Each structure stands twice: as structure tokens, then as C-alpha cells.
Amino acid sequence: NAGVTQTPKFRVLKTGQSMTLLCAQDMNHEYMYWYRQDPGMGLRLIHYSVGEGTTAKGEVPDGYNVSRLKKQNFLLGLESAAPSQTSVYFCASRKGAGETGELFFGEGSRLTVL
Amino acid sequence: RKEVEQDPGPFNVPEGATVAFNCTYSNSASQSFFWYRQDCRKEPKLLMSVYSSGNEDGRFTAQLNRASQYISLLIRDSKLSDSATYLCVVTVSGGYNKLIFGAGTRLAVHP
């Protein structure tokens, strides 16, 4: 029962470096999301995708890019990491846009930017 | 004003206590409501949906008050294993059925 898998789980970057977080889901879900979680802020949506080949901006997209070349994968890229991007990143997937709000989350990726 | 607001807590309660959390939302067009649970350093997981008529799942009861724009979660007979952060989630109609998360309420149940 893999569900949603994120890699890597932990990463330390220096300011200006780039990196990619990979999210993979094996539930054939249409919708995929990238959130970041910071203390006292709750989860904030970075980017999302409603299907293969489509992406859109969420609440806090600046400094991030995404791609969804395959239905099961959703990649989050940091072009030039900044200390403000130190956070816990969660990927989530959802079957579709119906009334159910059940998101299935990955275990999170803890990123520190020095 | 945040779209979804919760008391951050922490709520420190003894085992067996009854505890209630409230969550207020600002968008009157909100459609669906949920409570998620998040354990320390873990991912959020769906606890229960919140229906207009209210719903119960064992020791957990969720209520929705559309007129006052708040939802509540009641936990009876608290267990140590209930210690976690409880996230209020609201969906708003839109291109992708936008989900908005509250910052969470932390519960600590002690012996």
C-alpha cells in the first residue's frame, strides 16, 4: 500500500542551489497538490494539477515550478533556494473534484535552506 | 482575516475528559467541511467529514452551523492516543474545489 510517496524525506540546501522534490501516487488520482507547512500558518497551497500535463498556481507559487508529465508523478522544483523556503513540504492527491475532501498525503519532505 | 481560523491551543486535558474545538470560516460559499488529524511530524489524515445534520463516529462528534459559519469537533472520553493537532478544512467551489486549511488546534491528553 504505497499510496503517496515523496522523495527525498530530508534535504539541506545552501542559498541559491536548486533541487526537485518528487511525488508519486499509485491510486490513479487525477488531482495532485504541493503544500508547504510552517508553524502557525497551516498548510498553504503552492501549485496543483488537475490532470496529466496540466498545472496551476496556488496561494504561494513564487520561487517554485512544477511539472506533471505523467499522471502518477508531480514534481516540485526550487529554482534558486532561499532561507524563506525552509519548510515541510507535503504532496497530496485526490481522486477528483467531487464533494469528498479526502486528500491522501505523503509523509512530507523537510527542507532546510542555509 | 484568515479564511479558516482555529484556536491554536494547546488544550491540555486529562484522560477521560471531554474536549471541544471550534473553527470559523469566512467564506459563506463554503461547501464542504472536514476535520483532519495530524500527529507530530507526520502527515495529515482525514478524521471525519462534517455534515449539515451533524455526525458522530464513536467518541467523535462533528457539528456544522452554517448561519454562524463555524464547525466544531467534540471528543468524549479522551485517550492518550488522541494527542495530536486537529486541522479544520473547508472547501470552496471553484476550478479545483479549493481546500483551505486552518492552522490547527493542538490537543495534549495526559494521564
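That block above? That's the structure.
Residues numbered from 1 in each chain as written. Chains lettered and ligands numbered in written order. Predicted model: local features only at pLDDT ≥ 70, side-chain atom pairs only at ≥ 80, totals over all residues. Heavy atoms only, no water.

What follows covers the state of the cysteines. Throughout this description, disulfide means a covalent bond between two cysteine sulfur atoms. Residues and elements named next belong to chain A. The final tally for this structure, using the stated rule, is two disulfides over all chains. Covalent S-S linkage joins Cys 23 and Cys 91, the inter-sulfur distance amounting to 1.9 Å. With the S-S dihedral at roughly -75°, the linkage between Cys 23 and Cys 91 falls on the left-handed side. Of this pair, Cys 23 sits in strand E3 (residues 19–25) while Cys 91 sits in strand E9 (residues 87–94), and the two are 68 residues apart along the sequence. Of the two residues, Cys 23 and Cys 91, both sit in the buried class. (Disulfide = S-S within 2.5 Å. Helix = DSSP H or I, 4+ residues; strand = E, 2+ residues; numbered from the N terminus. Buried < 20%, exposed > 50% of the residue type's maximum accessible area, 1.4 Å probe, protein only.)

This part takes up the nonpolar core. Within the largest apolar cluster, 25 residues are counted, with the highest numbers of intra-cluster contacts made by Phe21(B), Trp35(B), Ile71(B), Leu73(B), Ile75(B), Tyr86(B) and Leu107(B). Secondary-structure elements contributing two or more residues to this core are strand E3 (19–25), strand E4 (30–38), strand E5 (44–50), strand E7 (60–65), strand E8 (70–75), strand E9 (84–92) and strand E11 (105–110) of chain B. Once you skip the residues sitting within four places of it in the chain, Tyr86(B) turns out to touch Gln6(B), Phe21(B), Trp35(B), Tyr36(B), Arg37(B), Leu47(B), Phe60(B), Leu73(B), Ile75(B), Gly104(B), Thr105(B) and Leu107(B). In this structure, Val4(A), Cys23(A), Met32(A) and Val113(A) belong to the second largest nonpolar core, which totals 18 residues. (Core = buried A, V, L, I, M, F, W, Y, C linked by side-chain atoms within 4.5 Å. Contact = heavy atoms within 4.5 Å.)

Now for the sheet that holds strand E1 (residues 4–6) of chain B. Residues and elements named next belong to chain B. If you trace the five strands from one edge of the open sheet to the other, you get E1-E3-E8-E7-E6, paired in antiparallel fashion. Both edges of this open sheet fall to E1 and strand E6 (55–57), since each of them pairs with a single strand only. Geometrically, the sheet is characterised by an average inter-axis angle of 20° between neighbouring strands, direction not taken into account. In the sheet, E1 pairs with E3 via three bridges, with the strands oriented antiparallel. Along E3, the bridge assignment pairs Glu 5 with Thr 24. (Pairing = 2+ DSSP bridges. Axes fitted to C-alpha atoms, helices over the stretch in contact; angles between N-to-C directions.)

On to the side chain of Asp82(B), then. All names here are of chain B. Along the chain, Asp 82 falls in the loop between E8 and E9. At a separation of 2.8 Å, a polar atom in the side chain of Asp 82 contacts the side chain of Arg 59. Once residues lying within four places of it in the same chain are set aside, the contact partners of Asp 82 are Arg 37, Arg 59, Phe 60, Ile 75, Asp 77, Leu 107 and Val 109. (Polar contact = N/O pair within 3.5 Å; in protein donor to acceptor, adjacent residues only side chain to side chain.)

Take the interface of chain A and chain B next. It is common to give the size of an interface as the accessible area lost on bringing the parts into contact. On the chain B side, the residues contacting the 24 residues of chain A number 19 residues. Roughly 1800 Å² is buried in total at the junction of chain A and chain B, and carbon and sulfur atoms are behind 53% of that figure. Counting across the interface, chain A meets chain B through zero salt bridges. Here chain A is connected to chain B by two residue pairs in polar contact (both at pLDDT 80 or more). Elements that contribute at least two residues to the side of chain A that touches chain B include exactly strand E4 (31–38), strand E5 (42–51) and E9 of chain A. With five residues, E5(A) is the single largest residue contributor to the side of chain A that touches chain B. Along the lines of polarity and charge, the residues of the side of chain A that touches chain B split into twelve nonpolar, seven polar and five charged. (Buried area = accessible area lost by both parts, 1.4 Å probe. Salt bridge = Lys/Arg side-chain N within 4 Å of Asp/Glu carboxyl O. Nonpolar A, V, L, I, M, F, W, Y, C, P; charged D, E, K, R; others polar.)

What follows concerns unusual backbone geometry. Cis geometry is adopted by the peptide bond preceding Pro8(A), which originates at Thr7(A) and carries an omega value of -5°. If you trace the backbone, Pro8(A) turns up in the loop between strand E1 (4–7) and strand E2 (10–13). The omega angle of the peptide bond from Gly9(B) to Pro10(B) is 5°, so this bond is cis rather than trans. The residue Pro10(B) is located in the loop between E1 and strand E2 (11–14) in this model. One non-glycine residue, Arg41(B), lies in positive phi territory at about 60°. As for its position among the elements, Arg41(B) is in the loop between E4 and E5. Take Arg41(B): its relative accessible area is 58%, and that puts it in the exposed class.

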